[in-house]
Amino acid sequence: MTELTTLERRALAKISTAAGGMLIVAADQRNGMKAVMKDAPNGADGISTEELADAKSDLVSFLGNKAPAILLDPQTALPRVVDDGTLDSDTGLVVAMDASGFAVENGLKRTRYVEGMTPRRVRDLGGDAAKMLWYLRADRRDDEAAVLDDIARLVSECEAEGVLLIVEILTYQLDDESDKDYKAVFPSLISGAAELSVAAGAKVLKLQYPGSAEGAAAVTAAAAGVPWAVLSAGVDHETFVGQVRTSVENGAAGAMAGRSLWKDSLSISSATREELLTTKALPRLVELESVIDEVLSTRP
């Protein structure tokens, strides 16, 4: 396990609950967030950048500010919510460095950076931490050397800038892989991704739910002391609460929750957003925090 610097420890505390569990509202989605605003008169494609920024601002106001931290993108939400004071000063800010979509090389997915994003830019935007997404197939190690080198490079650059980097890894099904075969290897792909990322220097991980208590324990073992948070992947809230409980009971440090919190609480109307975020999304966030802290309080 790579040791955290003093600044990184401070950042990790900022994005965690009072009990020490990571809990971050994930709101860096762009096209995915437009897609759930189903009352937009001209559909998702008709939602302007300014309208999306307005929605993210409301999401910060009525949900993100009630969490330890929120994850936002530098293309629509930032620096606006910092500059206009929407983001509370005691709410941690995680800045997404990855662009929407991906490239494909030799059948493998490759992530892309938002143009101009660097650890210094994260700091300039007011970030306490950065998040970068990489796609990774742990069973194709020889083909993923460039990805692992990129993780190592960015970890080092973030450390030099005093920015904590959250390494998000998504595994995925290959084009020629059957559903049955992918399901069989999925848990090992998650634990393998944790192992490879930590070997590359990752200090905090954001990972998919590996499917079971045994899978979560295997991820924790592979992470070798590096804290990992489970992502929601768009499942319904009740399902995600169960996944978070199981993950934290088996060594995870917390959760980064996006669509499971707000996918049915966004609208093209600001008034409707306020009502839905307050009455539907916020109670879910409170429940997640309660579950994380409850489980952590029983761990040795």
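Our subject is the structure listed above.
Before going into details, it helps to say that this report is about the structure given with it. (Residues numbered from 1 in each chain as written. Predicted model: local features only at pLDDT ≥ 70, side-chain atom pairs only at ≥ 80, totals over all residues. Heavy atoms only, no water.)

**Quick look at the packing of aromatic side chains**
Aromatic rings considered in pairs are described by the distance between their centres and by the relative angle of their planes. Tallying each qualifying case throughout the model produces three aromatic pairs. A ring pair is formed by Phe102 and Tyr135, whose centres lie 5.4 Å apart and whose planes are at 65°; its orientation type is edge-to-face. Residue Phe102 is found in the loop between strand S3 (92-96) and strand S4 (103-105), and its partner Tyr135 is found in strand S6 (residues 129-135); the two are separated by 33 residues along the sequence. Taking 6.1 Å as the distance between ring centres and 80° as the angle between the ring planes, the aromatic pair formed by Tyr135 and Tyr172 counts as edge-to-face. Of this pair, Tyr135 sits in strand S6 while Tyr172 sits in the loop between strand S7 (164-170) and helix H7 (179-199), and the two are 37 residues apart along the sequence. Residues Tyr135 and Tyr172 agree in their burial class; the two are buried. Each member of the aromatic cluster is reached from another via a ring pair, and the members are Phe102, Tyr135 and Tyr172. If you follow Lys109 out to its NZ or CZ, it ends over the ring of Phe102, 4.4 Å from the centre. (Phe/Tyr/Trp six-rings, centres within 6.5 Å; stacked < 30°, edge-to-face > 60°. Helix = DSSP H or I, 4+ residues; strand = E, 2+ residues; numbered from the N terminus. Buried < 20%, exposed > 50% of the residue type's maximum accessible area, 1.4 Å probe, protein only. Lys NZ or Arg CZ within 6 Å of the ring centre and 35° of its normal.)

**A closer look at the nonpolar core**
Counting 82 residues, the largest nonpolar core has Leu59, Leu63, Leu205 and Trp262 as its most contacted members. A total of nine residues in this core trace back to one element, the largest contributor, which is helix H11 (residues 270-298). Those residues in contact with Leu59 that lie beyond four places of it in its chain are Val25, Ala27, Met33, Gly64, Ile70, Trp262, Leu266 and Leu277. The next biggest cluster of nonpolar side chains, apart from the first, holds 18 residues, and it includes Leu12, Ala26, Leu71 and Ile166. (Core = buried A, V, L, I, M, F, W, Y, C linked by side-chain atoms within 4.5 Å. Contact = heavy atoms within 4.5 Å.)

**Notes on the pattern of salt bridges**
Considering all chains together, one arrives at 24 salt bridges under this definition. With a shortest N-O distance of 3.2 Å, Arg80 and Glu50 are connected by a salt bridge. Of this pair, Arg80 sits in helix H4 (residues 80-83) while Glu50 is found in helix H3 (residues 49-62), placing the two residues 30 residues apart along the sequence. For Arg80, the salt bridge goes to Asp54, with nearest N and O atoms at 2.8 Å. Taken together, the positions of Arg80 in helix H4 and Asp54 in helix H3 put the pair 26 residues apart, joining distant regions of the chain. On the basis of relative accessible area, Asp54 is assigned to the partly exposed category, the value being 27%. Bridged by salt links that share partners, the residues Asp28, Asp98, Lys131, Glu168 and Lys206 form one connected network. (Salt bridge = Lys/Arg side-chain N within 4 Å of Asp/Glu carboxyl O.)

**Concerning unusual backbone geometry**
With an omega of 5°, the peptide bond running from Leu78 to Pro79 counts as cis. Position of Pro79 relative to the elements: it lies in the loop between strand S2 (69-72) and H4. Notably, Ala224 is not glycine yet its phi reads approximately 55°, a positive angle. The phi dihedral of Ala233 is positive, around 55°, even though this residue is not glycine.

**A closer look at the layout of surface pockets**
By volume, the largest pocket amounts to about 600 Å³. Those elements giving two or more residues to the lining of the largest pocket turn out to be helix H2 (31-35), S6, S7 and strand S10 (254-257). Sorting elements by how many residues they give to the lining of the largest pocket places S6 first, with three residues. Among the residues forming the lining of the largest pocket, the class breakdown is ten nonpolar, nine polar and seven charged. (1 Å grid on protein atoms, 1.4 Å probe; cavity = no way out; pocket = protein on both sides within 12 Å on 5 of 7 lines; lining within 4 Å. Points joined across faces, edges and corners; volume = space filled by probe spheres on them. Nonpolar A, V, L, I, M, F, W, Y, C, P; charged D, E, K, R; others polar.)

**Digging into the packing of helix H9 (residues 237-249) against H11**
Where H9 contacts H11, the two axes come as close as 9 Å, and the packing angle between them is 20°. On the basis of the axis angle, H9 is roughly parallel to H11. Considering how the two elements wind past one another, H9 and H11 form a crossing that is right-handed. Residue-level inspection shows His237, Phe240, Val241, Val244, Arg245, Val248 and Glu249 of H9 in contact with H11, the latter providing Arg284, Glu287, Leu288, Val291, Ile292, Glu294, Val295 and Leu296. For the contact of H9 with H11, a count of residues per class yields nine nonpolar, one polar and five charged. (Axes fitted to C-alpha atoms, helices over the stretch in contact; angles between N-to-C directions. Parallel < 35°, antiparallel > 145°, perpendicular 65-115°, else oblique. Left-handed = near helix turned anticlockwise from the far one by under 90°.)

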